Amino acid sequence: MASEGLAGALAAVLGGQGLSVHSCDSEPAGEPLAPVRLRKDVCYVVLAVFLNEQDEVLLIQEAKKECRGSWYLPAGRMEPGETIVEALQREVKEEAGLHCEPLTLLSVEERGPSWIRFVFLARATGGILKTSKEADAESLQAGWYPRTSLPTPLRAQDILHLVELAAQYRQQARHPLLLPQELPCNLVCQRLVATFTSVQTVWVLVGTGGMPHLPITACSFTPMEQRGGIKMAILRLLQECLTLHHLAVETKGLLGLQHLGKDNADGICLNVLVTVAFRNPGMQSEPPKVRGENFFWWKVMEEDLQSQLLQRLQESSVVPVNR
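Residues numbered from 1 in each chain as written. Predicted model: local features only at pLDDT ≥ 70, side-chain atom pairs only at ≥ 80, totals over all residues. Heavy atoms only, no water.

For clarity, the threshold we go by: UniProt positions are given in the numbering used here, feature names are shortened, and annotations may be inferred rather than shown by experiment.
As recorded in an unreviewed UniProt entry, the chain goes by the name 8-oxo-dGDP phosphatase NUDT18, listed as coming from Enhydra lutris kenyoni. Annotation of the chain in UniProt includes, under Sequence similarities (unreviewed entry), the sentence "Belongs to the Nudix hydrolase family."

## Notes on the environment of Pro113
As a reminder, the rule being used: Helical segments are the DSSP runs of H or I of at least four residues, strand segments are the runs of E of at least two, and each set is numbered from the N terminus. Residue contacts follow a heavy-atom distance rule, with two residues in contact if any of their heavy atoms lie within 4.5 Å.
The residue Pro113 is located in the loop between β5 (98-110) and β6 (115-127) in this model. Residues within four places of Pro113 in sequence aside, it is in contact with Val42, Val188, Cys219, Ser220, Phe221, Glu225, Gln226 and Ile230.

## Structural notes on the sheet that holds strand β1 (residues 43-50)
The cut-off we apply is this: When DSSP locates at least two bridges between a pair of strands, those strands are taken to pair. For every element, the axis is a line fit to its C-alpha atoms; helices are fit only across the contacting stretch, and the angle between N-to-C directions ranges from 0 to 180 degrees.
Reading across the sheet, the five strands line up as β4-β1-β6-β5-β14 and stay open at both edges, with mixed pairing between neighbours. Of all strands in the sheet, those bounded by a partner on one side alone are β4 (75-77) and β14 (321-322). Looking at chain direction, β5 and β6 are connected through eleven bridges and run antiparallel. Paired with Leu98 across the bridge in β6 is Gly127. Sitting on the sheet, helix α2 (residues 84-96) touches β1, β4, β5 and β6, and the angle it makes with β5 is about 120 degrees. In this fold helix α3 (residues 158-171) packs onto β1, β5, β6 and β14, with an angle of close to 110 degrees to the strand it touches most, β5.

## Observations concerning the packing of aromatic side chains
Convention followed: Working definition: a ring pair exists when centres of Phe, Tyr or Trp rings (six-membered ring for Trp) sit within 6.5 Å. Plane angles under 30 degrees give stacked, over 60 give edge-to-face, the rest tilted. Here the term buried applies to any residue with accessible area under 20% of the maximum for its type, exposed to any over 50%, and partly exposed to those in between, with areas from a 1.4 Å probe on protein chains only. Criterion for a charge above a ring: Arg CZ or Lys NZ at most 6 Å from the ring centre, at most 35 degrees from the ring normal.
The tally for this structure, following the rule as stated, stands at six aromatic pairs. Both rings, one in Phe196 and one in Trp203, keep their centres 5.8 Å apart while their planes meet at 55 degrees; by these two values the pair is tilted. Per residue, the accessibility class of Phe196 equals that of Trp203, and both read buried. One aromatic cluster is present, built from ring pairs that chain together Phe196, Trp203, Phe278 and Trp297. Over the face of the ring belonging to Tyr72 we find Arg155, whose NZ or CZ atom lies 4.1 Å from the ring centre.

## Brief notes about the UniProt feature "domain: Nudix hydrolase" (unreviewed entry) in the chain
Mapped onto the present numbering, the UniProt feature "domain: Nudix hydrolase" (unreviewed entry) falls on residues 38-167. End C-alpha to end C-alpha, residues 38-167 measures 32 Å, and it is 18% helix and 39% strand.

## What about the sheet that holds strand β3 (residues 71-72)?
Reading across from one edge, β3-β2-β7 is the order of the three strands in this open sheet, with antiparallel pairing throughout. In this open sheet, the two edge strands, each paired with only one partner strand, are β3 and β7 (141-146).

## Remarks on the side chain of Arg90
Short version of the rule: We call two N or O atoms a polar contact when they sit within 3.5 Å, provided that within protein one can donate a hydrogen and the other can accept it, with sequence-adjacent residues counted only if both atoms are side-chain atoms.
Its location among the elements puts Arg90 in helix α2. Within the local environment of Arg90, its side chain forms a polar contact with the side chain of Glu82, the two groups lying 2.5 Å apart. Aside from chain neighbours lying at most four places away, what touches Arg90 is Arg77, Met78, Glu79 and Glu82.

## What to know about the domain arrangement of the chain
We count it as follows: In this entry, domain limits derive from an automatic or database-based domain assignment.
What the domain assignment lists for the chain is domain 1 (43-171) and domain 2 (183-209 + 231-251 + 267-276 + 289-296). Spacing between the C-alpha centres of domain 1 and domain 2 amounts to 34 Å.

## Digging into unusual backbone geometry
One can expect most non-glycine residues to show negative phi and most peptide bonds to be in trans. The residue after Thr152, namely Pro153, is reached through a cis peptide bond having omega 0 degrees. Positionally, Pro153 belongs in the loop between β7 and α3. Of note in this structure, Asp263 is not a glycine but carries a positive phi near 50 degrees. By the element assignment, Asp263 lies in the loop between β11 (247-259) and β12 (268-278). Looking at Asp263, the relative accessible area reads 74%, which means it is exposed. A positive phi angle, near 65 degrees, is found at Asn264, a position not held by glycine. Among the structural elements, Asn264 can be located in the loop between β11 and β12.

## Brief notes about the pairing of strand β2 (residues 56-61)
Burial runs high along β2: five of the six residues are buried. Examined bridge by bridge, β2 and β7 share six bridges and lie antiparallel to one another. Among the inter-strand pairings, Leu59 is bridged to a residue of β7, identified as Gly143. When β2 meets β3, the two strands line up antiparallel, connected through two bridges.

## Section: the layout of surface pockets
Defined as follows: A cavity, in this analysis, means grid points on a 1 Å lattice covering only the protein atoms where a 1.4 Å probe fits yet has no way out; a pocket is instead an open set bounded by protein on both sides within 12 Å along at least five of seven lines, and a residue lines either one if it has an atom within 4 Å of a point. Grid points are joined across faces, edges and corners, and a volume is the space filled by probe spheres set on the points. Any residue that is not Ala, Val, Leu, Ile, Met, Phe, Trp, Tyr, Cys, Pro, Asp, Glu, Lys or Arg is counted as polar, Gly included; the first ten are nonpolar and the last four charged.
Volume-wise, the largest pocket comes out at about 510 Å³. If you trace the largest pocket, you find 25 residues lining it, with Val45, Gly76, Trp115, Arg117 and Arg155 closest to the centre. Sorting the residues of the lining of the largest pocket by element identifies β4, α2, β5 and β6 as the ones contributing at least two each. The element that contributes the greatest number of residues to the lining of the largest pocket is α2, accounting for four residues. Split by residue class, the lining of the largest pocket holds seven nonpolar, two polar and 16 charged. Computed from the structure, the second largest pocket encloses a volume of approximately 260 Å³. In terms of lining residues, the second largest pocket is bounded by 15 residues, among which Ser20, His22, His213, Leu214 and Ile216 are the most central. Sorting elements by how many residues they give to the lining of the second largest pocket places helix α1 (residues 2-14) first, with three residues. Here the lining of the second largest pocket is built from residues that sort into seven nonpolar, six polar and two charged.

What follows is the structure, given as structure tokens:
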């Protein structure tokens with residue numbers, strides 16, 4: 001029965017769906033976990049990349065005093081009470097005059113759990129492109145520009161990588177289409193699909209609290225975890241059950257994103273694919289020994305799930321997380 005429940009949960013996460021967050025398996029020591037609040041504890045930013053049939057990019061001209069006249073992709077901070085998609089659509093309408101729909105999450109960028117940016121590939125569905133006659137505090141104007149010949153000055157060079165990421169995705173999708181799942185969460189946390197592979201066999205780390213489940217680690221706002229980024233919460237959980245000095249741990253990327261933003265639920269849950277391997281594999285064909293009784297390695301026997309996991313791992317078929 002436990003195996004069936006785990007298989008269903010793993011299938012849902014691999015399919016980009018969300019799962020409710022009830023509790024965390026790892027929490028920062030000595031720090032009581034309080035619900036996070038937008039603008040107080042966390043800042044979420046949305047950014048949209050649009051590419052039309054002529055391989056042109058939608059850019060907006062900034063109106064803010066510190067960068068007035070420079071060009072950038074439509075982007076802005078989320079407001080309390082918004083879903084991620086609502087925030088994206090509002091920012092694009094305010095800055096570019098267009099209605100839009102997101103097609104997929106392209107990447108997630110973070111500076112620790114208190115600042116996270118969600119980058120989307122999107123398409124216009126209506127509206128009228130903002131001209132200089134409609135200049136306001138949001139932007140001076142918007143326009144379409146050839147991807148290989150963007151206007152200058154740019155507000156920042158970081159958008160060049162994002163434009164190329166969008167172009168590459170349109171040419172050959174590296175991961176399935178992925179959109180945020182609207183599920184409430186009070187914390188910034190990560191659900192781990194932590195894997196160990198040997199030949200064509202995959203094991204997944206499972207938490208034992210309550211029903212067996214994919215483990216969840218809460219991110220901390222301590223200076224150390226802020227400096228180290230959200231990977232620190234992953235390492236904290238793994239250190240609680242594994243001896244890490246002889247292991248290599250790698251965060252491959254996102255399988256899913258959960259957020260609601262309503263009813264003061266300002267937290268997010270990132271469903272993350274992680275690999276655990278021996279630094280010196282040798283003849284090791286079994287996963288590393290688990291300390292204590294809070295976790296165990298589950299051998300994935302379902303052929304479809306096993307092949308999905310191996311494919312996602314081998315092709316890095318995930319949304320990248322960058323610092």
